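# Working through the structure, step by step
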There are 2 protein chains.
Amino acid sequence: MALRVWMENHLQKVSDELDRVMNFWLKYSHDELYGGFFSCIGKNGQLYDTLKFGWLQGRQVWMYSRLYNELDRYRNSKILNAAIRGAEFMMANLKDKNSKKCYFSVTRNGRPVKIQRTIFTECFYALGLLELGRATKDEKYLVEGLAMIDQIIDWVKTENAFPGLPKLSGSSSVNVMNVPMMLLSLVDEIETVMEKLEDKYAQIREWCIKQILQHVQRNGTVILEKVSSEGKELPGFDGRMFCPGHAIEAGWFLLNEALKMGDNELKKTAIKHFIKGSYNRGWDEKNGGLFYFLDVDGFSPVQLEWSLKLWWPHTEAIIAFLMAFQSTGKQYFATFFDKLFSYTLKEFSDPEMGEWYGYLTRENHLNQDFKAGPYKGCFHVPRALMMCEIMLKQMLDKNN
Amino acid sequence: MALRVWMENHLQKVSDELDRVMNFWLKYSHDELYGGFFSCIGKNGQLYDTLKFGWLQGRQVWMYSRLYNELDRYRNSKILNAAIRGAEFMMANLKDKNSKKCYFSVTRNGRPVKIQRTIFTECFYALGLLELGRATKDEKYLVEGLAMIDQIIDWVKTENAFPGLPKLSGSSSVNVMNVPMMLLSLVDEIETVMEKLEDKYAQIREWCIKQILQHVQRNGTVILEKVSSEGKELPGFDGRMFCPGHAIEAGWFLLNEALKMGDNELKKTAIKHFIKGSYNRGWDEKNGGLFYFLDVDGFSPVQLEWSLKLWWPHTEAIIAFLMAFQSTGKQYFATFFDKLFSYTLKEFSDPEMGEWYGYLTRENHLNQDFKAGPYKGCFHVPRALMMCEIMLKQMLDKNN
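Each chain has its residues counted from 1, following the order in which its sequence is written. Labels are handed out in written order, letters beginning with A for the chains and numbers beginning with 1 for the ligands. In keeping with the model being predicted, local features are shown solely for residues with a pLDDT of at least 70 and side-chain atom pairs are shown and tallied solely at 80 or more, while totals for entire chains, interfaces and linings include all residues. Hydrogens and water molecules were not included; the side-chain quantities draw on all heavy atoms of the structure.

Attention now goes to the overall build of chain A. Helix and strand counts for chain A stand at 13 helices and 14 strands. It is over C-alpha atoms that the radius of gyration is taken, and the globule rule equals 2.2 Å times the number of residues to the power 0.38. Radius of gyration (C-alpha) of chain A: 20 Å, near the 21 Å computed for a compact globule of 400 residues. With the C-alpha coordinates of chain A rotated into their principal frame, the extents come out at 55 × 50 × 45 Å. Of all 400 residues assigned to chain A, the portion counted as buried reaches 65%. Counting from the N terminus, the helices are the DSSP runs of H or I reaching at least four residues and the strands are the DSSP runs of E reaching at least two. Exposed residues in this analysis have more than 50% of their type's maximum accessible area, buried residues have under 20%, and partly exposed residues fall in between, with area computed by a 1.4 Å probe over protein chains only.

All names here are of chain B. What a helix should span is 1.5 Å times the count of its residues minus one. An ideal rise of 1.5 Å per residue puts 26 Å on 18 residues; helix α11 (residues 311–328) measures up with 26 Å between its terminal C-alpha atoms. Within α11, 16 of the 18 residues are buried, leaving the element largely enclosed by the surrounding structure. Looking one or two residues beyond α11, the residue adopting positive phi is G329, at roughly 75°.

A few words on the interface of chain A and chain B. Whether two residues are in contact is decided by their heavy atoms, any of which lying within 4.5 Å being enough. Residue-level contacts link 40 residues of chain A with 40 residues of chain B. What counts as buried area is the accessible surface, traced by a 1.4 Å probe, that two parts surrender upon association, with contributions from both included. Both sides of the chain A and chain B interface together cover about 3100 Å² of buried area, and 59% of this is carbon and sulfur. Salt bridge criterion: a side-chain nitrogen from Lys or Arg within 4 Å of a carboxyl oxygen from Asp or Glu. Seen at the junction of chain A and chain B, the total is 0 salt bridges. Residues adjacent in sequence count toward polar contacts only when both atoms are side-chain atoms; beyond that, a polar contact is any pair of N or O atoms within 3.5 Å, and within protein one must be able to donate a hydrogen and the other to accept it. The interface formed by chain A and chain B contains 22 residue pairs in polar contact (both at pLDDT 80 or more). Note on residue classes: Ala, Val, Leu, Ile, Met, Phe, Trp, Tyr, Cys and Pro are nonpolar, Asp, Glu, Lys and Arg are charged, and everything else, Gly too, is polar. For the side of chain A that touches chain B, the class distribution of residues is 21 nonpolar, 11 polar and 8 charged.

Turning our eyes to something else, we now look at the sheet that holds strand β4 (residues 105–106) of chain B. All names here are of chain B. Two strands pair under a simple rule: DSSP has to find at least two bridges between them. Pairing is antiparallel across the open sheet formed by 3 strands, whose spatial order is β3-β4-β5. Strand pairing shows two members of the sheet lacking a second neighbour, β3 (52–53) and β5 (112–114), which therefore form its edges. Sheet topology note: the β3/β4 ladder contains 2 bridges and is antiparallel. Paired with F53 across the bridge in β4 is S105.

Another point: the pattern of salt bridges. Residues and elements named next belong to chain A. Summed over all chains, the structure comprises 60 salt bridges over all chains. For K226, the salt bridge is made with D238, and the minimal N-O distance between the two is 3.1 Å. On the criterion of sequence distance, the pair formed by K226 in strand β9 (residues 226–228) and D238 in helix α8 (residues 236–239) is long-range, its members being 12 residues apart. Here K226 falls in the partly exposed class, since its relative accessible area comes to 21%. Across the salt bridge formed by K309 and D284, the nearest N and O atoms sit 2.8 Å from each other. With K309 in strand β12 (residues 309–310) and D284 in the loop between α10 (264–282) and β11 (294–295), the pair connects residues that are 25 residues apart, well separated along the chain. One network of salt bridges, with partners in common, ties together R66, E70, E131, R134 and E189.

A few words now on the confidence of the model for chain A. A score from 0 to 100, pLDDT tells how confident the predictor is in each residue. Per-chain confidence: chain A averages 97 in pLDDT, with 100% of residues scoring 70 or above. Across the whole predicted complex the pTM is 0.97, and at the interface the ipTM reaches 0.95.

It is worth spelling out the side chain of E257 of chain B at this point. Residue and element names in this part refer to chain B. Here E257 lies in helix α9 (residues 244–261). A distance of 3.2 Å separates polar atoms of two side chains, one belonging to E257 and the other to R205. For E257, the contacting residues outside a window of four places in its chain are L184, D188, E191, R205 and I209.

Residue and element names in this part refer to chain B. In this analysis a 1.4 Å probe is tested at points of a 1 Å grid over the protein atoms alone, and where it fits but cannot get out there is a cavity; an open set with protein on both sides within 12 Å along at least five of seven lines is a pocket; lining residues have an atom within 4 Å of a point. Grid points are joined across faces, edges and corners, and a volume is the space filled by probe spheres set on the points. Of the voids in this model, the second largest pocket is the one considered here, and its volume is about 660 Å³. Considering the residues around the second largest pocket, the lining is formed by 26 residues, among which R66, D188, W252, N256 and M387 are closest to the centre. Of the residues belonging to the lining of the second largest pocket, the class tally is 12 nonpolar, 5 polar and 9 charged.

What follows is about the relation of the copies chain A and chain B. Screw-axis analysis of chain A against chain B gives a translation of 0.0 Å along the axis, an RMSD of 0.0 Å, and a rotation angle of 180°. What we have between these two chains is a two-fold relation. Residues of chain A ranked by C-alpha distance from the rotation axis are headed by E305 of chain A, positioned 2.9 Å from it. The overlap is high: 100% of the interface residues of chain A also sit at the interface in chain B, so the same surface is used on both sides. Residues below a pLDDT of 70 in either copy are left out; the C-alpha atoms of the rest, at least 70 in both, set the least-squares superposition of the copies.

All names here are of chain A. Positive phi, close to 65°, is recorded for K100, a residue that is not glycine. Relative to the helices and strands, K100 resides in the loop between α3 (77–93) and β4 (105–106). Since its relative accessible area comes to 45%, K100 is described here as partly exposed.

This brings us to helix α13 (residues 380–399) of chain A. Taking 1.5 Å per residue, 20 residues should reach 28 Å; α13 of chain A reaches 28 Å between its end C-alpha atoms and fits that length. Within α13 of chain A, 14 of the 20 residues are buried, which leaves it mostly tucked inside the rest of the structure.

Below, the discussion takes up the packing of α11 of chain B against helix α12 (residues 331–348) of chain B. Residue and element names in this part refer to chain B. Only the stretch in contact is used when fitting a helix axis, every axis being a line fitted to C-alpha atoms; angles between N-to-C directions are given from 0 to 180 degrees. Packing of α11 against α12 leaves a shortest axis separation of 8 Å and a crossing angle of 155°. By the criterion of interaxial angle, the relationship of α11 to α12 is roughly antiparallel. Judged by the sense of rotation from one axis to the other, the crossing of α11 with α12 is left-handed. Contact residues: W311, H314, A317, I318, F321, L322, A324, F325 and T328 in α11; Q331, F333, A334, F336, F337, L340, F341, Y343, T344 and F348 in α12. For classification purposes, angles smaller than 35 degrees are called roughly parallel, those larger than 145 roughly antiparallel, those between 65 and 115 roughly perpendicular, and all remaining angles oblique. Whether a crossing is left-handed or right-handed is set by the direction in which the near helix is turned from the far one by less than a right angle, anticlockwise for left-handed and clockwise for right-handed.

Here we come to the sheet that holds strand β12 (residues 309–310) of chain B. The pairing of strands in a sheet comes from backbone hydrogen bonds and takes either a parallel or an antiparallel form. Residue and element names in this part refer to chain B. Across the sheet, 3 strands lie side by side as β12-β13-β14; this open sheet has antiparallel pairing. Each edge of the open sheet is held by one strand with a lone partner, namely β12 and β14 (366–368). Pairing between strand β13 (residues 359–360) and β14: 2 bridges, direction antiparallel. If you follow Y359 over to β14, its bridge partner there is Q368.

With that settled, consider the packing of aromatic side chains. Residues and elements named next belong to chain B. Paired rings are identified among Phe, Tyr and Trp, the last through its six-membered ring, by centres lying within 6.5 Å, and are further divided according to the angle between planes into stacked (under 30 degrees), edge-to-face (over 60) and tilted (the rest). Evaluated as defined, the whole model comprises 64 aromatic pairs over all chains. Centre to centre, the rings of Y279 and W283 are 5.2 Å apart; their planes meet at 25°, and the pair counts as stacked. Take Y279 and W283: they sit in the same class, and that class is buried. On the basis of an interplanar angle of 10° and a centroid distance of 5.3 Å, the ring pair of F337 and F341 is categorised as stacked.

The following block contains the structure:
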């Protein structure tokens, strides 16, 4: 009974918070003149730049479409039309016609500003289109999204996921964790949309899981952000880099796959090493919060921003601990979820305006006061709240 | 008399500090096995990586050679041989034979790791070789250094200083202040080595000064890091970016040129707008220290590291205020120099080990404890101390 009340209370909290957050985006981020979404929005909704960032366009299209698909109260034409307008802006302006790459940023009216030698803008472009295809049943979004994914897979195979980056004899062939993580989230999206995975994508899933598991090092005591392509620890500060938020996010990605496939071994690894282990190593005992970067041998990380507390590692950890609780029933994980969720709401949320702050100092003071910026859009906060809402509802249903 | 005592006291302080700092580099940074200089050195001298960064190889060759050329007690074979070994490592390993570009980083034994689409590694490569040519009188260093400078000038003219970066229709043609600053320091180096500037370099000097002056905006109240190529303010956060350390450094670069050329108008602008104005706008009144980045309209800067106190803005400010004092005789600047110098020594120096710490939080706590890292080498601290020593000696001589 106590558990049921706990679930009901939390369900209420996350749904209310989700609605406050989404109201912010619906109110302040739509560019009614040129389409697409503004990326630079101050604490009270004012624009401080009109640049549009590619990652964030794709992510917002995905977020709107997923909400439309998953939660009844968001299944309305306002959300869907905004997603469509975002997707049309992306398809018209984000893609470079010759290279098939997407621009990292464009002007308000869609002229290209910057292009990166990575695959990430392209991945978010595809994610958004697939989920919108699921919402609209319009083939053109699915066709375009899948074509981009096949192109991405080709870049991963032929250019080690960094198209155009020169290969130099002193740079090791590196397995960077965000590449298989990103690809795994594409495969998960395809499975969500198509219901059954084609063999070629099922093979990619196997490859991604294997690549992510290579990052478990030193007898399972650390998750390293970069390892050699043979799965060995790399020398120097790059080899010792630990990003708690990423490791925990990889944890729930793996746990999600393990649950879908009924793979108990993978489930254990995801929870023990990626979620619990990374949380313990990444948590700031003194001030609370997860560090952005650490060096696993205790040297000062070279990243100047290492000690900041960012919003997204915390939203990922909230998802991870609730998923661990749902899938194991162990009270231990509910306790961690409580601790994390209350820290996160207290330090990051802005009940008055909706969307959360993103960047705190080590002592949890505001380091930046904007709600949206070049790397922060309509994605991590509502994704976490939506996923928590869905998990809590499932638990309540089961508990009935 | 009081002034003379002040000068003598400060001369003693900066010379002692310079020797402590240089002892650190002489003791811990030389790679006796492969040549060149280690770039990643912890607080007590221990290596935390063996990567070698191109900027720092060139800067250290320059620093050793300049000390050899300028200060009697450094005019010895130990310093000169170390500079030669550094230069030989650079010439053998830093340059890409095909593109004439230099690598941003190489492995300990010189295999290329990373190359940037900028001109900065190449500039420090040339600076180091020219100053070493002045020390050794060996033509080969001068020839190689000048050839690289001509190549750099070509990249500035034909590729707007970013060789290989794609030109996209939405990205404005930008005048970034570090490009003319860097080029101006190359011209100053050529003038130091050759004594008389060829016309083609004198023209570059004029161009650099004009380009730097374009960054004075809003009726002289701000120095903006990026302006349009026509010298207008750019929209958005990039246009509002202010980097106090850079603006003050540009100030003493301009003041130095003004003094050499007897240009009184330029001298006034350098002191009033670049040095005094930037100091006033960039100083943290609450905790002391210069911020790394600010937004001139008071928005949160998008750089996560904006509020950190870095060592180099302070070494540049020390040079700038002492140069302003030397060239105007106004007590006002000596007072500022005192305030800055005592803040900087207190917060950054490490009397026990020599070289300074580099990165403090807004509240002046250590954010990173290493002495050398990917962007911090044997350059800003000893350059500032050496220049202050020379200026104080000149003032004492004149005061005799």
